[in-house]
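# Remarks on the overall topology
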Amino acid sequence: MATAEDYSELAVRLSRFYGGKIETVPKVPVRSLRDFAIWYTPGVAAVSRAIAQDKDESFNLTSRWNTIAVITNGSRVLGLGNIGPEASLPVMEGKALIFKYLGGVDAIPLPIRAETPEKFIEIAEALEPAFGGFNLEDISSPECFQILEELSRRLEVPVWHDDQLGTAASTLAALINALKVTGRSVRGTRIVLLGAGAANIATAIMLEKFGFDPGEMILIDTKGILHAEREDMDSLMLRNRWKYELAIRTNRSKVKGGLEEALVDADVLIAASRPGPGVVKPEHVKLMAKDPIVFALANPVPEIWPWEAKGAGAAVVATGRSDFPNQVNNSLVFPSVFRGALDVRAKGITYESAIAAAVELARCAEEKGIGPDYIIPTMEEWEVYPRVAAATAEWLSRNGMARLPTTYGEEVERARAIISRARRVLEEMVRTELVKPIPTANRPSA
C-alpha cells in the first residue's frame with residue numbers, strides 16, 4: 001500500500017517526466033496550411049469585427065465560453081502556507097486537471113505576483129476579456145473575502161473562491177443528509193464551527209442563507225469563542241469585517257470560553273481548523289447532544305480520528321479524506337458549478353446558486369440511500385456532475401444571471417455530453433499513447 005511519502009516522491013518524479021499536467025491542443029481541423037486562412041488571417045478579421053460590435057459574441061465565437069482562470073497569489077496554499085506564485089503553480093495545474101476531467105472545463109493555471117488585494121483585483125479585472133470565469137484559489141484570509149466580494153461586484157463573469165464557496169457547499173450538502181440520518185431539522189439545530197478562516201466563515205454564511213439560525217451557531221478562532229462582547233471586537237471590525245459581522249450575529253446565548261464550553265449540548269461540530277489528531281478529543285464529543293454529527297475536515301489528518309469520534313458517541317462522522325467514509329470534498333462541487341455557469345454564459349455566481357448545487361448534491365446521495373457512512377456522493381459517481389451543473393444553471397437562469405438561459409433537463413444533457421467528451425478524449429490519448437504511459441517503475445502500488 002502506497003504511503004503519503006510514496007505519493008510525494010512519485011509526484012516530483014512524474015512531474016519532471018511529464019513536464020507538467022496539462023497542455024493546449026487545437027480543437028479545429030487543419031487539413032492543410034490553407035485552413036489558416038479561415039482560422040487566422042484573413043478570415044479571423046470578420047470574427048474580430050463581430051465581437052467588436054457586440055462583446056458578448058466573444059462567448060460564441062471563441063473558446064472564452066468554456067475557459068476560466070485558476071488564479072492565485074500563492075499566499076495560502078493548503079498545507080504549505082505562503083509559498084509564493086511560482087511554487088503554487090503545480091497545485092493550480094492539478095486544479096485545472098480536475099476541472100477538465102470532472103467538469104469538461106478548460107482551466108488555465110494562473111499564479112500572479114500580487115502582494116495586496118488591490119493589486120490582485122486590478123490584475124484579475126484586466127484579464128476579464130480572456131475568460132468566462134475566475135476560480136480564486138489559495139489566497140490568505142481575510143484578503144480572500146475582499147477579493148471575492150470586489151471582483152464579484154466589478155466583473156460580468158462568475159467569480160468563485162473554492163476555499164470559501166466550494167468547501168461551504170460540499171459541507172452543506174453533507175450536513176443536509178446528516179440531519180436526516182440523525183432525525184434533526186434545520187431549525188433548532190445547534191452548530192459549533194471550530195476554525196474561523198475562509199472555509200468556516202463561508203460555511204457559516206451559507207448555513208445562515210440556507211435557513212439555519214445564526215444565533216444557534218458558535219464560531220471558535222484561535223482566541224476562543226466569538227461573541228459580541230469579546231475584547232478584540234473593535235480591532236476585528238477593522239481587520240476582518242466578515243468575522244466581526246458573524247461574531248455579532250451568532251452565539252445568541254453569549255457563551256464564552258473555548259471548545260469545551262461551546263460543545264455542551266451541541267448537535268453538530270464542523271471543524272476546519274488545523275491537522276490533528278487530538279485537536280478535538282473524545283471527551284469533547286461526549287459533551288455534545290445525543291447522536292451528534294462531527295465533521296473533522298482538516299487535511300491530511302482530521303482533527304479527530306473517525307473511530308474516536310464514533311467511540312465517543314458520534315452518530316455521523318465526515319472528514320476530508322477519501323480513505324474514510326463521508327469525504328466532504330469540494331471537487332464534488334466546483335467542476336459542476338462552473339460547468340453550469342459557463343453553459344448559460346453566467347454574469348456572476350452567488351451563495352444562493354451554490355446552495356442550489358449543494359441541495360442537488362445531497363439529493364443525489366439521498367436517492368441512492370443515505371446512512372451513517374454515506375451522506376454525500378463520492379468523486380467516482382460520475383452521474384452526479386451533470387446533475388449539479390444543471391441545478392446551478394437552472395438557478396442562474398431563473399434569477400436573471402444567465403446570458404443564455406436554459407432548463408434543468410436541457411443542461412443535464414449538455415453537461416453530460418461535454419463532460420463525457422472530455423473523459424473520452426483523455427482515455428483515447430492514453431490508449432494511443434499520445435499521453436505517455438507512466439513508467440512501470442513509477443507506478444504506485446494498489
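Here's a quick rundown of the structure. (Residues numbered from 1 in each chain as written. Predicted model: local features only at pLDDT ≥ 70, side-chain atom pairs only at ≥ 80, totals over all residues. Heavy atoms only, no water.)

## A closer look at helix H5 (residues 84–103)
Worth spelling out the cut-off: Helix and strand assignments follow DSSP, with helices taken as H or I runs no shorter than four residues and strands as E runs no shorter than two, numbered in order from the N terminus. The span one expects for a helix is its residue count, reduced by one, times 1.5 Å. Two axes define the bend at a residue: one fitted to the seven residues ending there, one fitted to the seven starting there, and the bend is the angle between them. Throughout this description, buried means an accessible area under 20% of the type-specific maximum (1.4 Å probe, protein chains only), exposed means over 50%, and partly exposed covers the range between.
For H5, which comprises 20 residues, the first-to-last C-alpha distance of 27 Å matches the rise-based estimate of 28 Å (1.5 Å per residue) to within 8%. Most pronounced at Pro90, the bend in H5 amounts to some 35 degrees. Residues of H5 that are buried include every one of Gly84, Pro85, Ser88, Met92, Glu93, Gly94, Lys95, Ala96, Phe99, Leu102 and Gly103, and no others.

## Concerning the layout of surface pockets
As a reminder of what qualifies: Lining residues are defined by having an atom within 4 Å of a point belonging to a cavity or pocket. Those points lie on a 1 Å grid over the protein atoms alone, cavities being sets where a 1.4 Å probe fits but cannot get out and pockets being open sets with protein on both sides within 12 Å along at least five of seven lines. Grid points are joined across faces, edges and corners, and a volume is the space filled by probe spheres set on the points. Residue polarity is assigned by list, with Asp, Glu, Lys and Arg as charged and Ala, Val, Leu, Ile, Met, Phe, Trp, Tyr, Cys and Pro as nonpolar; anything else, Gly included, falls into the polar class.
Here the second largest pocket defines a volume of roughly 300 Å³. Taken together, 17 residues make up the lining of the second largest pocket; nearest its centre are Leu148, Glu149, Gln164, Ile205 and Tyr351. Considered class by class, the residues forming the lining of the second largest pocket number eight nonpolar, three polar and six charged.

## Some details on the nonpolar core
Just so we agree on the cut-off: To form a nonpolar core, buried Ala, Val, Leu, Ile, Met, Phe, Trp, Tyr and Cys residues must be joined to one another through side-chain atoms within 4.5 Å.
Core analysis: the biggest nonpolar cluster contains 96 residues, and Leu175 and Phe295 have the highest contact counts within it. Looking at this core element by element, the count peaks at 10 residues for helix H8 (residues 162–181). Membership of the second largest hydrophobic core comes to 22 residues, among which are Ile225, Ala266, Ala314 and Val317.

## Looking at the side chain of Thr67
Test applied: Any pair of residues with heavy atoms lying within 4.5 Å of one another is described as a contacting pair.
Of note, Thr67 is situated in strand S1 (residues 67–72). The buried category is assigned to Thr67, whose relative accessible area is 9%. With sequence-adjacent residues up to four places away left out, Thr67 is seen in contact with Asp106, Ile108, Phe131, Gly132 and Gly133.

## A few points about the sheet that holds S1
Using the following cut-off: Pairing between strands is defined by DSSP: at least two bridges between them are needed. Only the stretch in contact is used when a helix axis is fitted, and all axes are lines through C-alpha atoms; the angle between N-to-C directions ranges over 0 to 180 degrees.
What the four strands build is an open sheet, ordered S2-S1-S3-S4; its pairing is parallel. Looking at which strands have only one partner, the edges of the open sheet turn out to be strand S2 (106–111) and strand S4 (159–161). Taking the axes of each pair of neighbouring strands and ignoring which way they run, one obtains an average angle of 25 degrees across the sheet. Packing of helix H15 (residues 334–343) onto the sheet brings it into contact with S1, strand S3 (133–136) and S4, and relative to S3 it is tilted by some 165 degrees.

## A short note on a nonpolar patch on the surface
Heads up, the condition is: Residues enter a patch when their relative accessible area is above 30% and they make no salt bridge; the linking distance is 9 Å between like charges and 5 Å between nonpolar side chains (Val, Leu, Ile, Met, Phe, Trp, Tyr). Per-residue accessibility takes into account occlusion by the displayed protein chains alone, with areas from the Shrake-Rupley method and a 1.4 Å probe. Counted as salt bridges are all cases of a side-chain nitrogen of Lys or Arg within 4 Å of a carboxyl oxygen of Asp or Glu.
A contiguous nonpolar patch, built from Val28, Val30, Leu33, Phe36, Ile38, Trp39 and Tyr40 and spanning about 730 Å² of accessible area, is present on the exposed surface. Looking at the element boundaries, Val30 is found in the loop between helix H1 (4–18) and helix H2 (36–39). Val30 sits in the partly exposed class, given a relative accessible area of 45%.

## Section: the packing of aromatic side chains
Rules: Pairing of aromatic side chains requires ring centres within 6.5 Å, counting the rings of Phe and Tyr and the six-membered ring of Trp. Pairs whose planes differ by under 30 degrees are stacked, by over 60 edge-to-face, and all others tilted. Whether a charge sits over a ring depends on NZ of Lys or CZ of Arg being within 6 Å of the ring centre and within 35 degrees of the ring normal.
Following the criterion strictly, the structure yields 11 aromatic pairs and no others. A centroid spacing of 6.5 Å and a plane angle of 75 degrees characterise the contact between Trp160 and Phe338, whose relative ring orientation is edge-to-face. With Trp160 in strand S4 and Phe338 in helix H15, this residue pair connects regions lying 178 residues apart in the sequence. Here the aromatic rings of Trp305 and Trp307 are separated by 5.0 Å at their centres, their planes lie at 5 degrees, and the arrangement is stacked. In textbook terms, an aromatic cluster arises when at least three aromatic residues are bridged by ring pairs, as seen for Phe99, Trp160, Phe334 and Phe338. Positioned above the aromatic ring of Tyr101, the side-chain terminus of Arg423 is 5.5 Å from the ring centre.

## Looking at the packing of H15 against helix H18 (residues 408–431)
Rules: Oblique is the label for any angle not under 35 degrees, not over 145, and not in the 65 to 115 range, which are roughly parallel, roughly antiparallel and roughly perpendicular in turn. If you view the pair so one helix is near and one far, a crossing is left-handed when the near helix is turned anticlockwise from the far one by less than a right angle, and right-handed when it is turned clockwise.
Remark: H15 packs on H18, axes separated minimally by 11 Å, with the N-to-C direction vectors making an angle of 115 degrees. Here H15 lies roughly perpendicular to H18, going by the angle between them. Of the two elements, H15 crosses H18, and the hand of that crossing is right-handed. Contacts between H15 and H18 involve Arg339, Gly340 and Asp343 from the first element and Glu411, Arg414, Ala415, Ile418 and Ile419 from the second. Residues of the contact of H15 with H18, tallied by class, amount to three nonpolar, one polar and four charged.

## Comments concerning unusual backbone geometry
Cis geometry is adopted by the peptide bond preceding Pro277, which originates at Gly276 and carries an omega value of 0 degrees. In this fold, Pro277 is placed in the loop between strand S8 (268–271) and helix H13 (282–285). With an omega of 5 degrees, the peptide bond running from Asn299 to Pro300 counts as cis. As for its placement among the helices and strands, Pro300 is situated in the loop between strand S9 (293–296) and helix H14 (306–311). Residue Lys254 is not a glycine yet carries a positive backbone phi of 60 degrees. Along the polypeptide, Lys254 turns up in the loop between helix H11 (241–249) and helix H12 (259–263). Its relative accessible area of 45% is what places Lys254 among the partly exposed residues.

## Observations concerning the pattern of salt bridges
For side chains of opposite charge, pairing can occur when their charged atoms come near one another. Evaluation of the coordinates by the stated rule reveals 38 salt bridges. We note a salt bridge from Glu245 to Arg241, for which the minimum N-O separation is 3.7 Å. Highlighted residues: Glu245 and Arg241, both in helix H11, separated by four residues, approximately one helical turn. By relative accessible area, which is 31% here, Glu245 ends up partly exposed.

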